[in-house]
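# Summary of the model geometry
Given next are the chains, with one letter for each unit.
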Amino acid sequence: QSLVSLALSRPLKSAPKSAFSRSNIALTIIFTAIVILLVNHWWLAVRLSVSDAQQGHVHSSLTSFLRDYSGFLADTSHRSDDPFILSPFCSRCFRSKYDNKRACVEVINEKQQQVNISAHEAAKQVSDEAQNCKICDPNYCLDLYFNGTQKESIFDGKRSRFYDNYQTKFWRFDRSRPKFTSPTTLTLPSIPKENRIPPHRFKNISSYFIEKYESSPLGYDHGIDFLIEYNPGLAVIPPKIKKKLPNEAVYLLSLRVTPANNCFPHDEYKKLPKAVWEAVLLGMKNHLGLALLDDQYRILPGYDVVIQLDTQIGLKRTMKEYDSPTFMDYRLFVLNGDLYLHANVDTVAVSKLDLRAKGFGDGDGNNESRSIPPVRKHGNENFDRPYKLRNLYGGDLLEVTLQRQFITIWSGGHGGKNFALFSVPNVTHPVSPDSVYVEINITPEHHVQQVLPDEYDQLTLQQVFELMWKKGTKKKRHANIDKIGQRSMKVVGNMTKSDESPEASFHTTDQYWFPGKTPFKVNSHGGACCVSFSLDDINMGGTQHNHHEPLLVGIAHTKVPWQPWYSKDHIPQERKDMLPHTHYVSFFYAFDPRPPFQLRARSGYFCLGHTPLSRDGQLPPTEGGIFNQHSILTRDRPLKQHNVTYECPQIEYISAFVEKADDKSSTVVGYGMNDCTARLIEIEKREIVRLLYPDPLEMVFEAE
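Description of the structure in this document. Please read these numbers as outputs of a predicted model, since none were measured by experiment. (Residues numbered from 1 in each chain as written. Predicted model: local features only at pLDDT ≥ 70, side-chain atom pairs only at ≥ 80, totals over all residues. Heavy atoms only, no water.)

So, on to the pattern of salt bridges. For the coordinates displayed, the defined rule picks out 36 salt bridges. One salt bridge connects Arg95 with Glu503, and the closest N-O pair in it is separated by 2.5 Å. Here Arg95 is found in helix α4 (residues 91-95), whereas its partner Glu503 is found in the loop between β17 (487-500) and α18 (509-513), with 408 residues between them in sequence. Notably, a salt bridge pairs Glu684 with Arg686, separated by 4.0 Å at the nearest N-O pair. Owing to a relative accessible area of 43%, Glu684 belongs among the partly exposed residues under this scheme. (Salt bridge = Lys/Arg side-chain N within 4 Å of Asp/Glu carboxyl O. Helix = DSSP H or I, 4+ residues; strand = E, 2+ residues; numbered from the N terminus. Buried < 20%, exposed > 50% of the residue type's maximum accessible area, 1.4 Å probe, protein only.)

Here you go:
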């Protein structure tokens with residue numbers, strides 16, 4: 001097309017007809033033929049695409065010309081706002097390969113066009129030709145799905161008609177989400193107004209970032225002088241701490257407080273000079289935000305604080321030596337009645353927290369001055385003493401104590417993050433404390449390690465380096481954080497590994513649009529975990545149940561990973577836009593509450609959505625919490641795939657999942673949006689079970 005446009009854009013020199021030579025006439029004829037050929041080639045491709053689309057099929061038979069240009073194929077068989085796409089083929093048929101190059105559904109479409117037969121007839125022929133494509137036989141697909149059970153009750157005497165006319169649903173991510181209530185926007189009042197980005201600067205944010213960088217005396221080591229809160233952690237306050245807090249306090253909220261953000265469109269960050277870009281996205285300022293919430297998720301006035309954690313305990317890093325701050329995201333867990341703080345560092349580090357409201361518990365010795373000595377490169381400090389942290393913002397009503405220095409979890413290796421901590425009753429010693437476990441990986445295999453969260457093995461620095469880098473490497477560094485790395489959390493036994501995870505309980509549009517491929521990472525991790533579901537809970541909301549024992553349930557996330565071809569100039573931007581990288585989706589999963597913690601069910605993908613738009617700085621009546629001026633920005637960076645825009649942020653980071661206080665039938669989920677803002681929602685357990693074990697005629701199949 002560019003060649004044709006270039007040729008047509010050149011002005012012709014005026015000349016009398018007598019001046020045209022035979023060579024000019026020949027060139028004109030050749031040029032015209034080329035144009036006709038290209039236009040005809042394009043027209044045939046589009047016709048085939050539309051023809052296939054009208055039948056609800058995957059479009060595989062387009063010419064190599066169009067495939068090379070667009071990378072992936074557009075689908076016009078449905079409106080972009082339809083909740084799902086329908087296809088006569090099973091989801092596994094889209095994932096299965098006929099040979100090394102073609103997915104089964106692509107061969108089915110080719111056969112349809114060649115011999116002019118129905119989709120079902122073509123599917124049966126292809127299923128006979130290739131064992132991998134057997135699942136494409138519509139009848140075999142249903143038999144395998146139902147596994148000989150439930151057919152008569154599901155079909156209600158219409159089995160043969162259903163077999164002949166059913167279609168498979170492929171859901172939009174924003175239509176497969178669970179139903180939720182009590183949405184609450186999270187905003188820390190303790191952050192000074194002057195530390196927030198003025199809304200009138202949103203439209204020209206790159207100049208604002210540059211101004212802030214130039215006015216910062218210490219550049220990215222100090223951090224640009226504004227703050228954003230996101231990625232919430234949440235815990236029900238345990239009784240031993242609750243007695244030292246106001247009666248209204250029910251939950252403890254944690255937030256990452258930092259200038260680092262992805263609030264704005266990607267192109268805005270590309271405009272920035274390298275040093276400013278690093279200061280905004282990799283800046284070394286990452287504070288811990290904490291707040292007490294009541295039973296309606298409202299922040300108790302005066303009980304929210306921001307703490308400069310890394311500096312106080314001697315662990316702050318500089319950009320000259322490292323490419324990330326000491327601490328990243330924070331999570332909260334209650335284990336055996338104690339409150340634990342989890343932070344992503346080189347891997348994961350854990351400490352124990354204590355809280356006290358000023359004026360509560362005076363005289364019991366809990367308000368005395370305490371100190372953990374700052375970490376130093378040399379010296380033998382006692383790291384197992386409590387340390388009362390100083391609040392950077394928020395006053396002194398909430399006193400936070402770090403019970404001991406951090407301990408590192410090395411079970412997932414260097415680069416491990418977002419591990420979930422959970423406990424289960426000690427089977428062999430019922431009166432003993434619960435056994436504590438760390439969830440390392442979720443899919444395709446569930447990896448779990450039993451630990452002793454308050455005990456550690458002392459490693460040498462060389463052992464730390466060998467955990468971080470290849471064994472025997474001569475690479476070294478001098479970092480205070482390595483002293484924390486030497487405190488390796490004690491493990492009990494070997495890491496357990498379950499069988500591979502089950503199939504997703506319903507199907508989503510990524511499977512339909514990219515046959516034979518897996519756009520999202522197969523290896524997924526937290527997320528947030530774990531909430532216990534009793535047998536009654538499990539039997540409440542779905543149709544296919546685990547009848548033997550309760551389950552533990554968590555929420556994982558995955559994303560489209562960046563790959564080298566995204567940086568290649570010769571790859572058309574249209575292809576990159578069909579599958580943009582670093583776009584997130586989530587899913588529920590359920591597993592046995594005992595080793596090897598076998599995964600029993602997992603939902604299809606979903607996304608939870610934006611905070612609703614506000615007027616004049618006020619949240620609508622349907623949204624609780626405090627208005628956050630950054631919430632509107634998440635809509636400028638939505639989740640996209642295959643030229644479809646979803647009602648969700650690009651980065652949806654679920655970081656909290658707990659049972660609702662005083663209501664075992666419901667849960668509370670916390671998630672961050674585009675590293676920009678945060679939200680809490682309630683989801684009933686029956687709704688989660690509905691997605692883990694859905695009614696096939698609601699979520700999986702459509703019958704005429």
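Past the structure itself, the notes keep going.
Moving on, we get to the pairing of strand β15 (residues 435-441). Counting buried positions along β15 gives seven out of seven residues, so the element sits mostly inside the fold. Sheet topology note: the strand β14 (residues 420-424)/β15 ladder contains five bridges and is antiparallel. Pairing of Ser423 across the sheet is with Val436, part of β15. Here β15 folds back onto strand β16 (residues 445-458), and the loop between the two strands holds three residues. (Pairing = 2+ DSSP bridges.)

As a further point, take the sheet that holds strand β21 (residues 599-602). The strand order across the open sheet built from four strands is β18-β19-β20-β21, with neighbouring strands paired in antiparallel fashion. One side of each edge strand has no neighbouring strand; the edge strands of this open sheet are β18 (525-533) and β21. Taken over all neighbouring pairs, the strand axes of this sheet differ in orientation by 25° on average, direction set aside. (Axes fitted to C-alpha atoms, helices over the stretch in contact; angles between N-to-C directions.)

Further remarks concern the sheet that holds strand β2 (residues 167-171). Strands pair in a sheet through their backbones, by hydrogen bonds, and they do so in one of two ways: parallel or antiparallel. Reading across from one edge, β1-β2-β28 is the order of the three strands in this open sheet, with antiparallel pairing throughout. Bordering the open sheet on either side are β1 (84-87) and β28 (701-702), each of which pairs with just one other strand. Taken together, the four bridges between β1 and β2 define a ladder with antiparallel strand orientation. Note that in β2 the partner of Ile85 across the bridge is Phe170.

Residues that lie three or four places apart on an α-helix share one face, since the helix turns once every 3.6 residues. Within the sequence span of helix α16 (residues 461-468), burial applies to Val464, Phe465 and Met468. Taken down its axis, α16 places every buried residue within 100° of arc, on the same side. Here the buried face of α16 lies against α17 (481-485). (Arc of directions from axis to C-beta. Contact = heavy atoms within 4.5 Å.)

Its location among the elements puts Ser127 in helix α6 (residues 119-129). For Ser127, a relative accessible area of 8% gives the class buried. A polar atom in the side chain of Ser127 sits 2.7 Å from the backbone oxygen of Lys124. When near neighbours in sequence (up to four residues on either side) are disregarded, Ser127 contacts Cys133, Lys134 and Asp137. (Polar contact = N/O pair within 3.5 Å; in protein donor to acceptor, adjacent residues only side chain to side chain.)

Closest axis-to-axis distance for the helix α5 (residues 104-115)/α6 pair is 9 Å, and the angle between their directions is 125°. The angle between α5 and α6 falls in the class oblique. Judged by the twist between their axes, the crossing of α5 over α6 is right-handed. Mapping the contact onto sequence places Cys104, Val107, Ile108, Lys111 and Gln112 in α5 and Ala119, Ala122, Ala123, Gln125, Val126 and Glu129 in α6. Counted by class, the contact of α5 with α6 contains seven nonpolar, two polar and two charged residues. (Parallel < 35°, antiparallel > 145°, perpendicular 65-115°, else oblique. Left-handed = near helix turned anticlockwise from the far one by under 90°. Nonpolar A, V, L, I, M, F, W, Y, C, P; charged D, E, K, R; others polar.)

Attention now goes to unusual backbone geometry. The residue after Thr443, namely Pro444, is reached through a cis peptide bond having omega 5°. Position of Pro444 relative to the elements: it lies in the loop between β15 and β16. Of note, the bond from Cys529 into Cys530 is cis; its omega dihedral lies within 30 degrees of zero at 5°. Inspection of the secondary structure puts Cys530 in strand β18. Residues other than glycine seldom take positive phi values, yet Asn418 does so here, at roughly 60°. Tracing the backbone through its elements, the reader meets Asn418 in the loop between β13 (407-409) and β14.

Moving on: the state of the cysteines. Counting across every chain of the model gives six disulfides. Between the sulfur atoms of Cys104 and its disulfide partner Cys133 the distance amounts to 2.1 Å. Looking along the S-S bond of the Cys104-Cys133 disulfide, the torsion reads about -85°, which is the left-handed sense. You can see Cys104 sitting in helix α5 and its partner Cys133 sitting in the loop between α6 and α7 (138-146), a full 29 residues away along the chain. Per residue, the accessibility class of Cys104 equals that of Cys133, and both read buried. (Disulfide = S-S within 2.5 Å.)

A separate point is the layout of surface pockets. The calculated volume of the second largest pocket comes to roughly 990 Å³. The wall of the second largest pocket is formed by 45 residues, among which Val334, Cys530, Val531, Val658 and Glu659 lie closest to the centre. Only β4 (228-236), α12 (239-242), β8 (330-335), β14, β18, β19 (551-559) and β25 (652-659) provide two or more residues apiece to the lining of the second largest pocket. Among the elements that make up the lining of the second largest pocket, the one with the highest residue count is β18 (six residues). Grouping the constituent residues of the lining of the second largest pocket by class yields 29 nonpolar, eight polar and eight charged. (1 Å grid on protein atoms, 1.4 Å probe; cavity = no way out; pocket = protein on both sides within 12 Å on 5 of 7 lines; lining within 4 Å. Points joined across faces, edges and corners; volume = space filled by probe spheres on them.)

The next point concerns the packing of aromatic side chains. What the rule picks out here adds up to 29 aromatic pairs. Aromatic pair Phe173 and Tyr646: ring centres 5.0 Å apart, planes at 45°, arrangement tilted. Placement of Phe173 in the loop between β2 and β3 (181-186) and of Tyr646 in strand β24 (residues 644-649) is noted, with a sequence separation of 473 residues between them. Considering the side-chain rings of Phe422 and Phe591, the 5.8 Å spacing of their centres and the 65° angle between planes classify their relative orientation as edge-to-face. Highlighted residues: Phe422 in strand β14 and Phe591 in strand β20 (residues 584-591), separated in sequence by 169 residues. (Phe/Tyr/Trp six-rings, centres within 6.5 Å; stacked < 30°, edge-to-face > 60°.)

Let's shift gears to the side chain of Asn418. On the basis of relative accessibility, which here comes to 3%, the residue Asn418 falls in the buried class. Polar side-chain contacts of Asn418 include one of 3.1 Å to the backbone oxygen of Gly526. If we skip the residues at most four places from it in the chain, Asn418 touches Arg331, His342, Asn344, Val348, His525, Gly526, His557 and Tyr653.

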